[in-house]
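Below are the chains, spelled out letter by letter.
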Amino acid sequence: MTFLQRWNFIERARLERQLWDAFEGGEDLEALVASCRTAVEAGDQGRAFQLEVWTTTLKRIRKIETLMRDQKRPGM
C-alpha cells in the first residue's frame, strides 16, 4: 500500500460505504471481511487497503450495534 493511498479520503469513504451498505442490506459482514482477508493472503495486495478499511469499519459497526442495543428507550 502506498502512502498516498493510505491518506486517500475519498477511497477510504467509498470502501467504508460499501461495508455500511452491506450491513444495511443484512449481509454477513464477517464473511465479507474474511473473503477479503483470504484474497489478500492469497497474494491480492490490491485489496490490502480494502481489508484495512473494512476491518476498522466492522469494529465501528459492532460498537454502534452494542451501544444501540444497550441503550434504553426513552420513557421505559
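Residues numbered from 1 in each chain as written. Predicted model: local features only at pLDDT ≥ 70, side-chain atom pairs only at ≥ 80, totals over all residues. Heavy atoms only, no water.

### What about the overall build of the protein chain?
Okay, so step 1: Helix and strand content of the protein chain: four helices and zero strands.
Okay, so step 2: Starting at the N terminus and ending at the C terminus, the protein chain contains elements arranged as α-α-α-α.
Okay, so step 3: Residues counted as buried form 24% of the 76 residues belonging to the protein chain.
Okay, so step 4: Expressed as a percentage of contacts within the protein chain between residues at least 6 apart in sequence, the contacts between residues at least 24 apart total 61%.
Okay, so step 5: In the form shown here, the protein chain has an accessible surface area of approximately 5,700 Å², with 58% of it arising from carbon and sulfur atoms. (Helix = DSSP H or I, 4+ residues; strand = E, 2+ residues; numbered from the N terminus. Buried < 20%, exposed > 50% of the residue type's maximum accessible area, 1.4 Å probe, protein only. Contact = heavy atoms within 4.5 Å. Areas by Shrake-Rupley, 256 points an atom, 1.4 Å probe, with all protein chains shown as cover.)

### Re helix H4 (residues 48-70)
Okay, so step 1: Between its first and last C-alpha atoms H4 spans 33 Å; for 23 residues at 1.5 Å apiece the expected length is 33 Å, and the two agree.
Okay, so step 2: Of the residues making up H4, those classed as buried are Ala48, Phe49, Gln50, Leu51, Val53, Trp54, Thr57, Leu58 and Ile61. (Expected span 1.5 Å × (residues − 1).)

### With respect to the nonpolar core
Okay, so step 1: Of all hydrophobic cores here, the largest spans 14 residues; its most connected members are Leu15, Leu19, Leu29, Val33, Leu51, Trp54 and Leu58.
Okay, so step 2: Those elements that provide at least two residues to this core are helix H2 (9-24), helix H3 (29-41) and H4.
Okay, so step 3: Element by element, the count of residues in this core is highest for H4, at seven residues.
Okay, so step 4: The residues touching Leu19, leaving out its near neighbours within four places in the chain, are Leu29, Leu32, Trp54, Thr57, Leu58 and Ile61. (Core = buried A, V, L, I, M, F, W, Y, C linked by side-chain atoms within 4.5 Å.)

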